[in-house]
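# Inside the fold
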2 protein chains.
Amino acid sequence: MPSYRIDLAYDGTGFHGYARNDGVRTIQEELERALATVLGTDVPTVVAGRTDAGVHAWGQVVSLEVAEGLDIERVSRSLAAMLGPEIVVRSVAPASDGFDARFGAVSRTYRYFVDDRPAPNPLHRHIAWHVDAPLDSTAMEEAAAAFVGEHDFASFCRTADGRTTIRRVLSAAWWREADGLVPRAELVAASANHPTANYADVDGGLVVFEITANAFCHQMVRSLVALSVEIGRGRLRVGAIPGIFEARDRNAARGAAPPHGLILWKVEY
Amino acid sequence: MPSYRIDLAYDGTGFHGYARNDGVRTIQEELERALATVLGTDVPTVVAGRTDAGVHAWGQVVSLEVAEGLDIERVSRSLAAMLGPEIVVRSVAPASDGFDARFGAVSRTYRYFVDDRPAPNPLHRHIAWHVDAPLDSTAMEEAAAAFVGEHDFASFCRTADGRTTIRRVLSAAWWREADGLVPRAELVAASANHPTANYADVDGGLVVFEITANAFCHQMVRSLVALSVEIGRGRLRVGAIPGIFEARDRNAARGAAPPHGLILWKVEY
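Per chain, the residues get numbers from 1 upward, laid out in the order the sequence is written. Here every chain gets a letter starting at A, and every ligand a number starting at 1, in the order they are written. Local features in this predicted model are restricted to residues whose pLDDT is 70 or higher, and side-chain atom pairs enter the listing and the counts only when it is 80 or higher, whereas totals over whole chains, interfaces and linings include all residues.

### Things to note about the overall build of chain A
- Helical segments are the DSSP runs of H or I of at least four residues, strand segments are the runs of E of at least two, and each set is numbered from the N terminus. The number of helices and strands found in chain A is 6 helices and 10 strands.
- The buried share of chain A, reckoned over its 269 residues, is 45%.
- Once C-beta atoms are placed from the backbone, any two residues with those atoms within 7 Å are in contact. Taking the contacts inside chain A whose residues are at least 6 apart along the sequence as the reference set, 77% of them involve residues at least 24 apart. To assign burial, the other C-beta atoms lying within 10 Å of each residue's own C-beta are counted, with C-beta atoms placed from the backbone; 20 or more indicates buried, 12 or fewer indicates exposed, and intermediate counts indicate partly exposed.

Structure (structure tokens):
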């Protein structure tokens, strides 16, 4: 049976996550309903990353097998007309036989946006976590380096169900960047004028995390973000990280950052 | 009486515009209610730009006079706690005696964001108008040049009420830029793979308009944007612009672009 790959972006704000869940609005339900209308039959789909409620995606990937080859242009247009503006089909393309978006993935990349200005950009409130304290992004960058490699992430997994919590993190980094709406000079001026915080070292509006791993356990990215922010606030030292890994206990970590700052960025096959 | 200046950013999505209007939610009402609570008395405010329903602001300015000098740090903290996340007070600062945010302004600057990708970024759907056709941003840049200078903007004003419609545009430009969330290489790849449009000349995700004038009549920016987009779509030539100005007739223009792409960017004094 011909296999296809759908690349998907979505604003997760109004959804109870990707995966179907009776009685609540989900991405999967809306996508499969649109596909059933376009294809004239129910078609099961497989997704690369089952994002939680409120989590967004830029580079989500879905695979499906159909009985007959598709008219890709017609399917693309119909899906665009039925979905959106919250769910956007970036492309529909033929895939190799048996392509499986979940088990075929060799790595997933997530990004997380933090806005640590005293006056955060209200136009990014759906996609950035506002932390009301200036963060030491250099210390956070050091923390990110400690996440790289093969580790047991039990302290950072919400549920393990007896399965392995060992994951291989290929890269992890924190950096500052302008928020894309506001010129850098404006940011610095706004921060310098604010009487309630010392933002002298702030050269960008957002603090951004990017992490790539072979796979992630539940709430792993948000737990690593929460830990990093505690370090950025000066409440925890980078040197404490190895002990938190060794504890293999979720209570040793620092909870989970809110979902709305998280974006599934890219999946590699 | 001591004068103060408040710099304000807001997401206009959930508001019926800036100005007070009985029975509907407005920025002015929420700001003045918060001020009354903090100051213990009603204080009238003056605003630089009375934005329409759905229009956003990054650099809105409000002035007020109070009977006694304010504890700026306390007022800033209290306003931040009561307003937000949709309304963000960027700063509260002393102003020169008699400072008037409206009549003291020498220029206002607006930005307008258009997303012309076949698959627009769903995370920017609140702040960018999705135009489902590749735009010729070079032709739009030529159109912008034709807006600069002192002109009668009657064809681009929703209501004139017999008052002058002559305005002085100090600068106007269209350009392409990455959308701040998506790396440039991703944008080009996504566009190239899309079967329904030729985006070979697209090197950025958003098409951005910036215009500065001494003042604007009602819906002037959105009318100039709508005209520019018609030119970018190839439905109108740049050479038609002088005739549209000369008509002094709103029906000669091309309507108004939707409010959600518009941001009051900056006010100069």
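So that's the structure; there's more coming.
### A word on the domain arrangement of chain A
All names here are of chain A.
- Domains are outlined according to an automatic or database domain assignment. Structurally, chain A comprises domain 1 (3-95) and domain 2 (107-268).
- At the junction of the two partners, domain 1 supplies 15 residues and domain 2 supplies 11 residues.
- Here the residues of the side of domain 1 that touches domain 2 sort into 6 nonpolar, 7 polar and 2 charged. Note that Gly is not counted as nonpolar here; it falls among the polar residues with everything else outside the nonpolar set of Ala, Val, Leu, Ile, Met, Phe, Trp, Tyr, Cys and Pro and the charged set of Asp, Glu, Lys and Arg.

### As for the pairing of strand β5 (residues 107-115) of chain B
Residues and elements named next belong to chain B.
- By the criterion of burial, β5 is predominantly enclosed, with 8 of the 9 residues buried.
- Criterion used throughout: strands pair if DSSP finds at least two bridges between them. Where β5 meets strand β10 (residues 262-268), 6 bridges bridge the pair, whose relative direction is antiparallel. Bridging across to β10, S107 finds its partner in E268.
- Both β5 and strand β6 (residues 129-130) contribute to a ladder of 2 bridges, which runs parallel. What sits directly across from V114, in β6, is W129.

### Some points on the confidence of the model for chain A
- Per-chain confidence: chain A averages 89 in pLDDT, with 90% of residues scoring 70 or above.
- For every residue, the predictor reports its confidence as pLDDT, a number between 0 and 100. Residue range residues 193-203 of chain A is modelled with pLDDT below 50. Its contacts to residues more than four positions away, or to other chains, number 25 contacts.

### Focus: the environment of B:E230
All names here are of chain B.
- With respect to the helices, strands and loops of the structure, E230 is situated in helix α5 (residues 220-232).
- With 18 C-beta atoms counted inside 10 Å, the residue E230 sits in the partly exposed group.
- Considering only alpha carbons, one finds E230 and R254, 24 residues apart in sequence, at a separation of 7.7 Å.
- Beyond its immediate sequence surroundings of up to four residues, E230 is in contact with R235, L236 and R254.

### A look at the packing of helix α3 (residues 137-147) of chain A against helix α5 (residues 220-232) of chain A
Residues and elements named next belong to chain A.
- Taken N-terminus to C-terminus, the directions of α3 and α5 make an angle of 140°; their axes are 8 Å apart at the nearest point. In terms of their interaxial angle, α3 and α5 are classed as oblique. Remark: the crossing between α3 and α5 carries right-handed chirality. Contact residues: S137, A139, M140, A143, A144 and F147 in α3; L224, L227, S228, I231 and G232 in α5. Helix axes are fitted only over the stretch in contact, all axes being lines through C-alpha atoms; the angle between N-to-C directions runs from 0 to 180 degrees. We call two directions roughly parallel when the angle between them is under 35 degrees, roughly antiparallel when it is over 145, roughly perpendicular when it lies between 65 and 115, and oblique otherwise. Whether a crossing is left-handed or right-handed is set by the direction in which the near helix is turned from the far one by less than a right angle, anticlockwise for left-handed and clockwise for right-handed.

### As for α5(B)
Residue and element names in this part refer to chain B.
- If you check α5, its first and last C-alpha atoms are 18 Å apart, about what 13 residues at 1.5 Å a residue would give, namely 18 Å.
- With 11 of 13 residues buried, α5 is to be regarded as a mostly interior element.
- When α5 is considered as a whole, its buried residues turn out to be M220, V221, R222, S223, L224, V225, L227, S228, V229, I231 and G232.
- Looking at the buried residues of α5, the elements they touch are β5, α3 (137-147), β8 (166-177), β9 (206-213) and β10.
- Of the residues trailing α5, G234 is marked for its positive phi of about 85°. A helix's residues, less one, multiplied by 1.5 Å, set its expected span.

### Quick look at unusual backbone geometry
- Following A:G84, the chain continues into A:P85 via a peptide bond in cis, with omega recorded as 5°.
- Its location among the elements puts A:P85 in the loop between α2 (72-82) and β4 (87-95).
- Even without glycine at this site, B:Q219 takes up a positive phi of about 65°.
- Among the secondary structure elements, B:Q219 is positioned in the loop between β9 and α5.
- The backbone phi angle of B:R248 is positive, close to 50°, even though this residue is not glycine.
- Within the secondary structure layout, B:R248 lies in the loop between α6 (241-247) and β10.

### Focus on the environment of A:T26
Residues and elements named next belong to chain A.
- Of note, T26 is situated in the loop between β1 (3-10) and α1 (27-39).
- Residues T26 and G14, spaced 12 residues apart in sequence, show a C-alpha to C-alpha distance of 8.6 Å.
- Not counting chain neighbours up to four residues away, the residues in contact with T26 comprise F15, H16, G17, Y18, A19, R20 and N21.

### Looking at the environment of B:G14
Residues and elements named next belong to chain B.
- Topologically, G14 is positioned in the loop between β1 (3-10) and α1 (27-39).
- When the 11 C-beta atoms within 10 Å are taken as the criterion, G14 is described as exposed.
- Separated by 132 residues in sequence, G14 and A146 place their C-alpha atoms 34 Å apart.
- With residues near it in sequence (within four places) discarded, G14 still touches R25 and E86.

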